[in-house]
Amino acid sequence: MRLNYPTNVKIIRVPCTGKVDTIHILRAFEKGADGVCVIGCMEGDCHYNSGNFRARKRVEQASHLLEQIGIGGERVKMFNLSSGEGPRFAQYAVEMTERVTALGPNPIKLARKRAAA
Amino acid sequence: MTAVNPYNKNLDDRRATFIEYPQAVPLAFAIDPKVCIGCGLCENICLAKAVRYADRIKESALRVGAVILSSGSEGYDPSGLDYFGYGRSPNVVTSEEFERILSASGPYRGHVMRPLDREEPRRIAWIQCVGSRDTNRCGNGYCSSVCCMYAIKEAMIAKEHIHGDLDCTIFNMDIRTFGKDYEKYYLRARDKEGVQFVKARIHTVDPIAETGDLAVRYVDESGAIREEIFSMVVLSVGLQIPRASVALAGQLGIELNKYNFVATDPFLPVTTSRPGIYTCGVFQGPKDIPSSITEASAAACAAGRDLAAARGTETRSIEIPDEIDVSGETPRIGVFVCNCGINIGGIVKVQEVQDYAATLPNVVYTDQNLFTCSQDTQDKIKDKIKAHRLNRVVVAACTPKTHEPMFQETLQACGINKYLFEMANIRNQNSWIHSNDPPAATRKAKDLVRAAVARAGTLHPLEEKKISVIPRALVVGGGVAGMNAALGLANQGFEAVLVEKEEKLGGLANRLTHTIEGADVGAYVDDLIRKVNDHPKIQVQTQSLIVGFTGFKGNFSTEVLVGPGMYERKIAHGAVVLATGAREYQPKEYGYGEDPRVVTQLELGARLAEKGAGDLNEVVMIQCVGSRNEENPNCSRICCQSAIKNALHIKAENPDANVYVLYRDIRTYGLLEDYYTEARAKGVLFFRYSPERPPEVVAGEAGVAVTFEDPILGRRLQVSADLLALSAGMVAEDTEELGSIMKLARNAEGYFMEAHVKLRPVEMATEGVFVCGTAHSPKLLSETIAQAYAAASRATTFLSQSEMTLSAVVAQVDADKCASCLVCVRSCPYGVPRINAEGVSEIDPALCHGCGICAGECPAKAIELNWYEDDQLLCKVEALLEGVL
Amino acid sequence: MIVADKKPIEEIIETTRNFKRLLILGCNECVTVCEAGGKKEVGILASALRMNALNQGREVKIDEITLERQCDHEYLEEIRNVVDQYDGILSIACGVGVQFTAEKYQATPVLPGVNTKFMGATEKRGLWVERCQGCGQCILATTGGICPVSRCAKRLFNGPCGGSGNGKCEISKEVDCAWQLIIDRMKALGTLEDYEKLSPIKDWSTDRAGGPRKVVREDVQL
């Protein structure tokens, strides 16, 4: 479809969002990611029944932790869509980029800069 | 050159060179000769030299053993129905147009807008039965079967897409949501989402010029004329057979019925009048997606029988060389970067990416190609793998969805394990979507290659275990479904063991006399039993009970207690077909069981066959007894036609008898509609009742007094009936024990749950287990037969492999780390992990579906999913974020 | 098993804020089963604490080790050689593990990472319920298998109090009256006539009221 979305979105393939562990999400922020999306099937339509429900719980857990440690719980979000909805994916990618841009860079990056200064 | 896009129902444009829609197979461009101006530019530009500009239609001859006609339908064109405003106002659309408006890849990109002024509608009306159940303005007297459900779906989805309020009203004569769980969807739409359902035939739709709205005029149930204003009107157009199909049938010498659907015998639902030619889908009769898919497999089974003797004679097999053991070696990664013509190369600096790849850890060879997927590039890659002793390959190109399997075959052809392969998608996820920023696209391509190379370094060979397949199926249930499934399998050369708990075969069909078409069920069942008993490949075990079940796809072992002596027998088989059937509901209401004059439709049918109808003067029938209520919210599908069948029988023998049918909706779907029309013509009286005010029944000396409301007169009527026939619905057979022995998923009403409602209607989630007949959901005899063929077909596809290769993407438990906490056992949607004799969790690779849920849940991190291990995913995260902090 | 629940991360951040080299020590037994302190949780906590430190511009080294158990010397021995690399240990085992680790490695502060709650069972995934309070003298044989020590708010031994209503305890509508459960159970077992038999006054010296307890088995000691 050649729809455009920002270049800073990079994708890692998993067989089901049920495979995405909380630690994978946290490690991304630990290494400096500004935002993480977990993208899975529509609720009720998970190819493996309940994978996306599990993923949602883990995203919520990660979000809570990130909020408590001052990174920002809004930086991780779960999106549900069907594999036929290309335009919707692009829309979510844009939405997430805008949201994360508004939140600013990962605070760890700024803390690093200050420490180096 | 642009043209109006017929796929989007002429709502937008497309080019003369076009791909019809994103899911087209093959996903390739075509040239529309009607719009093409003949410049030939496309042929010159194509870097793959894929355009044959002077291509002409070629005729060729094929010798085949069987033919299956699945030419489908077209939507009814309502242009001739001037009173609906179609053609006068663009805001009156057909349901097909509305589907495209709703679609995210349609002309409005999923924004629900009305065509005239692109405004978001506030109120939408659906008008049902446009081009169906109508012999007045068009010749389609049948019911198209799908329009009630799709109108409800469109209303629900439109409400979801429009974030403000949207009022939806569906104007109908009957709501026909008769499929499995469809009634529940209807109730959700009505009660939870507020979709309105109004019983009325629309008289006129007038466009209102000032606002673009539409005035819909109709007569409501009280007789008052109402007018309502809507932003849009959707005409629920029916399905009809295109002229081209009629012509095709003529050429092939196939008989069609009066509506141009293929004429079939109720006991041979996919067989046409010409031997060797079969049919399926809407060409056979109007039907929904699950039934179409089922019939497709049924036709394959019927054709398969004809072709059984020739199985395998024209297939080719591929030789794969032995795998080289690379397990001790350090990774030697080869990176092949693709230009994909100009798709990648036109945006991304491919040479830069290739040079960058050469600097990455473990990369010993890099290359670039114009089209990495072409056959000659495969040969080139094979040479390079061998020359440079590569033991990991990264291809930076398009999406793995297109060519990953092919590249994996290339690796296998060099003796490299196919799981030592990784793709970086620098096209769909890069050049195609960042065409406005090439420098950023090149940077991102390098990031993606770096991540792929990091992952390639962590990959290790995975074994795809091979398991043998026992070419025998166990069929559970000896009714019409089970017997047809057994024959379907046996006629294609596979053994079938048929296990039946009763003494006789035949199941519920033993209580039926004739189908509504007049076909003799008794004779059919006797013949079927004879065929089954005589077939050398079928073993019949009656009075048998299943008590144990182990194994996995291709290798099951079932313990059966056979006969009154209950002797134990172990059956080894490769597949299971569930055909446990259903029973007629035994009513608790309306005096059933207390008065002999209150009977069910099955009992009435038997009574009519025995004693006839000569002594019956007043017969009342009550529909939906035991269905569509709180206890059983589903529709039992067959009762409307069952009642009408008996009503017509009574009228045929005794034209002066009064027959009253008290109904909620008459669901004579598809070609059954004609019988409803015939019944009305013959003077059968139909009265609609609402479930809040059901008929009252008092059994008296003179007769059974039935009191009910006539909605048109607005008054209560009473009939003193000689016979009260209750259309008792279907209830699933009790399969609780069988379900727990064989770990079978059942829904709340006790019917087996198929793997996917639409796309896998005869398969269970456990591989190798299939389901058919009323064990799946209530259905007619002919639908049961079709589904039994379909289950047999899916089972034979399964059993026809001499060995099965299991995917290597399965989860594995490290026994040393396992804390035996049971979390994985509880989280797996398929119930695969179990605590073994050593007290730790064990996952059978033959059963694992490879989703990774258990790996994510395990609190002890004792489970890894092959090919998606934690470090194999985390290395990508770290590689992508390299240098950020 | 021993059921514990995760401590709020804010609390853990507060108690570990002065450590520059922290070891997070997990346990592969009870706390893994109740999903509060296994290897997975160790990883999640470690990552969160690292990020918290980085965010505040602090340099910290946070390592992760999960032992089979923290209530046996042999398993705790496994970290003897590395213990002095850390100025603090966050043990996410139950209270037993935290203390045993602290006793063994007296020179290193050992902090708890979970709140140990009770001895209980998994009623279903994500729901653990208390069943035993270790009173030291089990009388379940006389109460149809239902414990009035852990399930009766007043620890009554001879039938319900006047606050029992509709099978619920007067302290909360969500708490079953243990004695109602006992009566129902004994009825189902057909042993209701035993209900009338009076239970003698309990010797609470075997409960924690008698002071910290131990179990000695001379038959397995040489």
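Residues numbered from 1 in each chain as written. Chains lettered and ligands numbered in written order. Predicted model: local features only at pLDDT ≥ 70, side-chain atom pairs only at ≥ 80, totals over all residues. Heavy atoms only, no water.

Thoughts on the overall build of chain A
Piece 1. A tally of helices and strands in chain A yields four helices and two strands.
Piece 2. Going from N to C terminus, chain A has its helices and strands arranged as α-β-α-β-α-α.
Piece 3. For 117 residues, the compact-globule estimate of 2.2 N^0.38 gives 13 Å, and the C-alpha radius of gyration of chain A, at 15 Å, lies within 12% of that figure.
Piece 4. When the backbone C-alpha atoms are referred to their principal axes, chain A occupies close to 50 × 30 × 20 Å.
Piece 5. Per-residue burial over chain A gives 49% buried out of 117 residues.
Piece 6. For chain A, restricting intrachain contacts to residue pairs at least 6 apart in sequence, the fraction spanning at least 24 positions comes to 67%.
Piece 7. Accessible surface for chain A amounts to roughly 5,300 Å². Of this, 51% is attributable to carbon and sulfur atoms.
Piece 8. Distance from the positive charge centre (18 side chains) to the negative charge centre (11 side chains) of chain A: 7 Å. (Helix = DSSP H or I, 4+ residues; strand = E, 2+ residues; numbered from the N terminus. Rg over C-alpha atoms; globule rule 2.2 N^0.38 Å. Buried < 20%, exposed > 50% of the residue type's maximum accessible area, 1.4 Å probe, protein only. Contact = heavy atoms within 4.5 Å. Areas by Shrake-Rupley, 256 points an atom, 1.4 Å probe, with all protein chains shown as cover. Lys, Arg positive; Asp, Glu negative; His and termini not counted. Charge placed at Lys NZ, Arg CZ, Asp CG, Glu CD.)

Details of the interface of chain C and chain B
Piece 1. Residue-level contacts link 10 residues of chain C with 14 residues of chain B.
Piece 2. Counting the surface lost from both chain C and chain B, the interface buries some 1,000 Å², and carbon and sulfur atoms represent 55% of this.
Piece 3. A per-residue breakdown of the area chain C buries against chain B is headed by C:Lys39, C:Lys40 and C:Arg125, which together make up 51% of the total.
Piece 4. If you look at where chain C meets chain B, you find one salt bridge.
Piece 5. Of the charged contacts, one joins B:Glu857 and C:Arg125 as a salt bridge, the two residues approaching to 2.3 Å between their closest N and O atoms.
Piece 6. Linking chain C with chain B are six residue pairs in polar contact (both at pLDDT 80 or more). (Buried area = accessible area lost by both parts, 1.4 Å probe. Salt bridge = Lys/Arg side-chain N within 4 Å of Asp/Glu carboxyl O. Polar contact = N/O pair within 3.5 Å; in protein donor to acceptor, adjacent residues only side chain to side chain.)

Re the side chain of A:His24
Piece 1. Structurally, the position occupied by A:His24 is in helix α1 (residues 22–30).
Piece 2. A polar contact is formed between the side chain of A:His24 and the side chain of B:Asp870, at a distance of 2.7 Å.
Piece 3. If we ignore the near neighbours within four places in the chain, the residues touching A:His24 are A:Lys19, B:Asp870, B:Leu873 and B:Leu874.

With respect to a negative patch on the surface
Piece 1. On the surface, a cluster of negative charge is contributed by B:Asp322, B:Glu323, B:Asp325, B:Glu329 and B:Glu463.
Piece 2. Along the chain, the position of B:Glu329 falls in the loop between α6 (289–307) and β17 (333–338). (Patch = residues over 30% accessible without salt bridge, like charges linked within 9 Å, V, L, I, M, F, W, Y side chains within 5 Å.)

So, the sheet that holds strand β26 (residues 555–562) of chain B
All names here are of chain B.
Piece 1. In spatial order, the strands read β25-β26-β27; together these three strands make up an open sheet with antiparallel pairing. Lying at the two open borders of the sheet, with one neighbouring strand each, are β25 (544–552) and β27 (567–573). Across the sheet, the mean angle separating the axes of adjacent strands is 20 degrees when strand polarity is ignored.
Piece 2. Here eight bridges tie β25 to β26, and the two strands are oriented antiparallel to one another. In the sheet register, Gly 551 faces β26, and the bridge partner there is Phe 556. (Pairing = 2+ DSSP bridges. Axes fitted to C-alpha atoms, helices over the stretch in contact; angles between N-to-C directions.)

Considering unusual backbone geometry
All names here are of chain B.
Piece 1. For the bond from Val 25 to Pro 26, the omega torsion is -5 degrees, close enough to zero to count as cis.
Piece 2. Topologically, Pro 26 is positioned in the loop between β3 (17–18) and β4 (30–31).
Piece 3. Within the chain, Asn 10 stands out as a residue other than glycine whose phi angle is a positive 60 degrees.
Piece 4. Turning to its location among the elements, Asn 10 is positioned in the loop between β1 (2–4) and β2 (13–15).

Quick word on the pattern of salt bridges
Piece 1. Within this structure, the stated rule accounts for 87 salt bridges over all chains.
Piece 2. For A:Arg27, the salt bridge identified is with B:Glu878, shortest N-O distance 3.3 Å. With A:Arg27 in helix α1 and B:Glu878 in helix α21 (residues 870–880), this pair bridges two chains.
Piece 3. Residue classification places A:Arg27 among the buried residues on the basis of a relative accessible area of 17%.
Piece 4. Where C:Glu41 meets C:Lys6, a salt bridge forms, and the shortest distance between an N and an O atom there is 3.5 Å. Here C:Glu41, found in helix α3 (residues 39–55), pairs with C:Lys6, found in strand β1 (residues 2–6); they are 35 residues apart in sequence, far enough to count as distant.
Piece 5. Take C:Glu41: its relative accessible area is 10%, and that puts it in the buried class.

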